[in-house]
Structures are given as C-alpha cells and as structure tokens.
Amino acid sequence: MLTLRKASDRGAANHGWLKSFHTFSFANYRNPKEQGFSDLLVINDDRVAAGKGFGQHPHRDMEIFSYVLEGALEHKDTLGTGSVIRPGDVQLMSAGSGVAHSEYNHSATRPVHFLQIWIVPDVSGAKPRYQQEHFSTQKKRGRLQLIISPDGAKGSLKVRQDARVYAALIDGKESATLELAANRYAYVHVARGSVELNGVQLQEGDGVRVRDEQVLALSNGVDAEVLVFDLRPQELPEMP
C-alpha cells in the first residue's frame with residue numbers, strides 16, 4: 001500500500017535567509033497526523049541564502065544526516081569536527097549524549113539547498129560521532145545506492161538504528177528496484193525532478209509511506225533524485 005504525501009501539503013517556513021519545507025512536524029509546524037513514520041522523524045528541505053546559516057545549537061540522542069543537492073554546507077561542532085559538505089556527500093551526526101554544532105552556507109554568493117533528516121536511534125546516551133562519505137553520481141545513476149545502514153555495509157555510513165537509506169538518480173529509460181524483506185515499511189522521498197514509484201507519478205518534494213509491498217520500482221524519471229528508507233514496521237501515535 002502506497003500513501004502519498006504531496007509536496008504542497010508539507011509545512012512551510014520563510015525566514016528570509018532560510019526557506020524550508022517540513023514533511024513531518026517540526027519547529028512551528030505542527031500536524032497531529034504527520035509526526036514521522038517508523039523511526040524516520042524529520043525530513044526538512046532547506047534553502048539557505050549566501051553567507052547565512054544556523055548558529056551553534058545542541059542535539060542529543062538523534063541520528064541526523066545532511067544530504068546536499070546544490071551548493072556547499074559548512075559544518076563545525078563542539079567535538080572539534082569541521083567539514084564542507086557538497087553534492088554527493090552525506091554527513092551523519094550521531095548526537096548521542098550531546099553535541100552542539102553550526103551549519104552555514106559555505107558560499108558568500110550562492111545559495112545552498114540540502115535535506116536534513118532525523119532518525120530516532122535505538123540507544124540513548126551513546127558517544128557522539130560524525131561520519132562523512134562521498135557517493136559519486138556513477139554509483140547512484142540508474143540504481144539504488146546504499147548510503148546509510150546499521151552495519152556500514154558497502155561503504156555506507158553506520159546508523160544506530162535498524163534502518164537503511166538508499167539514494168538513486170533516475171532519468172529517461174533508467175530504472176531501479178528494491179526488494180523489501182517481509183514485514184518492513186519504507187518511505188520514499190523525491191528530492192528533485194519527477195519519477196514513477198510502482199506506477200504512481202511523483203513530483204519533487206512528494207513523499208510516500210509504503211506498507212505491505214514486496215518490491216519498490218522506480219522508473220520514468222525526469223532528472224530525478226530519490227531517497228528510499230527501509231524501516232521497521234511500527235507506527236508512531238498521532239499527537240493530540
């Protein structure tokens with residue numbers, strides 16, 4: 001069963017220097033029916049103006065990864081870690097017992113467009129850590145490339161949860177499929193472009209909750225970049 005969450009139904013915030021869309025409840029956007037899906041808690045689609053960004057702020061007990069679509073994102077934290085994240089890069093912050101970090105547009109002239117995604121960990125109070133890896137266009141072209149997993153398989157980043165994240169680039173006649181294990185959920189997010197999922201047409205910003213499906217098939221893409229989350233079969237309660 002596929003349950004579509006259209007891009008136009010997402011929460012939106014415009015702070016001038018930051019334009020953001022929220023797939024699930026976040027900050028001032030509250031939707032009792034959109035509190036996440038399984039262990040996937042946040043998908044924020046952020047565009048940050050040149051030279052602007054998020055000052056230092058804390059996190060704990062959350063797996064947070066950044067996926068840059070355009071531009072460059074500069075990161076610094078209280079662990080002494082610093083890096084610049086560009087398209088193809090994936091950075092995973094396991095906040096654990098607590099860490100503070102800042103995120104700024106690395107460019108003084110160009111905006112940065114990125115996704116920030118939160119996954120609930122299966123352990124509390126763990127040692128904070130950072131991981132970053134580059135996944136080339138060739139690895140994602142016409143296939144689902146594993147980028148995050150519990151065991152770091154195939155060069156993926158290691159997450160503290162029974163979750164796997166795949167990235168794919170689908171255009172023209174390219175296609176990709178993912179077989180789901182029995183009793184697994186999935187979530188599909190179209191980062192840009194358009195694509196068909198099991199014959200259902202999706203546009204940029206659309207998301208789909210997936211239950212009781214054995215195979216996910218991506219096809220007929222138009223410059224599509226897609227993230228697929230393989231998740232535990234559990235439901236989050238609606239908030240009052």
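Please read all numbers here as calculations on a predicted model, not as lab measurements.

This next bit is on the UniProt feature "domain: Quercetin 2,3-dioxygenase C-terminal cupin" (unreviewed entry) in the protein. The positions that UniProt labels "domain: Quercetin 2,3-dioxygenase C-terminal cupin" (unreviewed entry) are, in the present scheme, residues 146-231. Taken end to end, residues 146-231 comprises 0% helix and 63% strand; its first and last C-alpha atoms sit 14 Å apart.

This brings us to the packing of aromatic side chains. Given two aromatic rings, their pairing is described by the distance between the two centres and the angle made by the two planes. Throughout the structure, instances matching the rule amount to six aromatic pairs. Here the aromatic rings of Phe37 and Tyr187 are separated by 6.2 Å at their centres, their planes lie at 55 degrees, and the arrangement is tilted. On the criterion of sequence distance, the pair formed by Phe37 in the loop between β3 (18-22) and β4 (40-48) and Tyr187 in strand β17 (residues 185-197) is long-range, its members being 150 residues apart. Looking at Arg211, its charged tip hangs above the ring of Tyr185, at a distance of 5.6 Å from the centre.

Read across the sheet, four strands follow the order β5-β10-β7-β8 without closing on themselves; strand pairing throughout is antiparallel. If you trace the sheet from one side to the other, it starts and ends with β5 (53-59) and β8 (82-85), each paired once. On average, each strand axis in the sheet is inclined to that of its neighbour by 20 degrees, with strand direction left out of account. Across five bridges, β5 lies against strand β10 (residues 99-105) in antiparallel orientation. Residue pairing across strands places His57 opposite His101, the latter belonging to β10.

The next subject is the nonpolar core. Among the nonpolar cores identified, the biggest contains 26 residues, and Leu40, Phe65, Tyr67, Ile147 and Phe229 are the most heavily contacted of them. If you list the elements that add at least two residues to this core, you get β4, β6 (63-70), β9 (89-94), β11 (112-119), β13 (145-149), β15 (164-170), β17 and β20 (215-231). Excluding its chain neighbours within four sequence positions, the residues that come into contact with Leu40 are Phe24, Ile117, Trp118, Ile119, Tyr187, Phe229 and Leu231. Among the nonpolar cores identified, the runner-up in size contains 21 residues, and Leu144, Ala186, Leu197 and Ala224 belong to it.

Right, let's get into the pattern of salt bridges. By the definition in use, this model includes 15 salt bridges. Of the charged contacts in the structure, one is a salt bridge between Arg141 and Glu174, with a shortest N-O distance of 3.0 Å. Note that Arg141 is positioned in the loop between α1 (137-140) and β13 and Glu174 in the loop between β15 and β16 (176-179), a separation of 33 residues in sequence. Several salt bridges converge on common partners, so that one network encompasses Arg10, Asp45, Arg47 and Glu204.

With that out of the way, let us pick up the side chain of Asp39. By secondary structure assignment, the location of Asp39 is in the loop between β3 and β4. The residues touching Asp39, leaving out its near neighbours within four places in the chain, are Trp118, Ile119, Val120, Gln161, Arg232 and Gln234.

What follows covers unusual backbone geometry. Positive phi is not limited to glycine here, since Asp61 has a value of about 45 degrees. On the secondary structure map, Asp61 appears in the loop between β5 and β6. Phi angles above zero are rare outside glycine, and Asp223 is one such case at about 50 degrees. For Asp223, the position within the fold is in strand β20.

Attention now moves to the sheet that holds strand β2 (residues 11-14). If you walk across this open sheet you meet the seven strands as β2-β3-β4-β11-β6-β9-β12, and the pairing is antiparallel. The strands lining the two open edges of the sheet, one partner per strand, are β2 and β12 (129-134). Pairs of neighbouring strands in the sheet enclose a mean axial angle of 15 degrees, with direction left out of account.

This part takes up the side chain of Asp89. Tracing the chain through its elements places Asp89 in strand β9. Although buried, Asp89 forms no salt bridge, and the nearest oppositely charged side chain, Arg86, lies 5.8 Å from it. Separated by 2.9 Å, the side chains of Asp89 and His134 make a polar contact. In this structure Asp89 touches Ser66, Tyr67, Val68, Val84, Gln132, Glu133 and His134, once residues within four positions along its chain are discounted.

This next bit is on the environment of Leu40. Here Leu40 shows up in strand β4. We classify Leu40 as buried; its relative accessible area is 0%. Separated by 41 residues in sequence, Leu40 and Thr81 have C-alpha atoms that sit 25 Å apart.

What counts as what
Residues numbered from 1 in each chain as written. Predicted model: local features only at pLDDT ≥ 70, side-chain atom pairs only at ≥ 80, totals over all residues. Heavy atoms only, no water. UniProt positions renumbered as here; feature names shortened; annotations may be inferred. Helix = DSSP H or I, 4+ residues; strand = E, 2+ residues; numbered from the N terminus. Phe/Tyr/Trp six-rings, centres within 6.5 Å; stacked < 30°, edge-to-face > 60°. Lys NZ or Arg CZ within 6 Å of the ring centre and 35° of its normal. Pairing = 2+ DSSP bridges. Axes fitted to C-alpha atoms, helices over the stretch in contact; angles between N-to-C directions. Core = buried A, V, L, I, M, F, W, Y, C linked by side-chain atoms within 4.5 Å. Buried < 20%, exposed > 50% of the residue type's maximum accessible area, 1.4 Å probe, protein only. Contact = heavy atoms within 4.5 Å. Salt bridge = Lys/Arg side-chain N within 4 Å of Asp/Glu carboxyl O. Lys, Arg positive; Asp, Glu negative; His and termini not counted. Polar contact = N/O pair within 3.5 Å; in protein donor to acceptor, adjacent residues only side chain to side chain.

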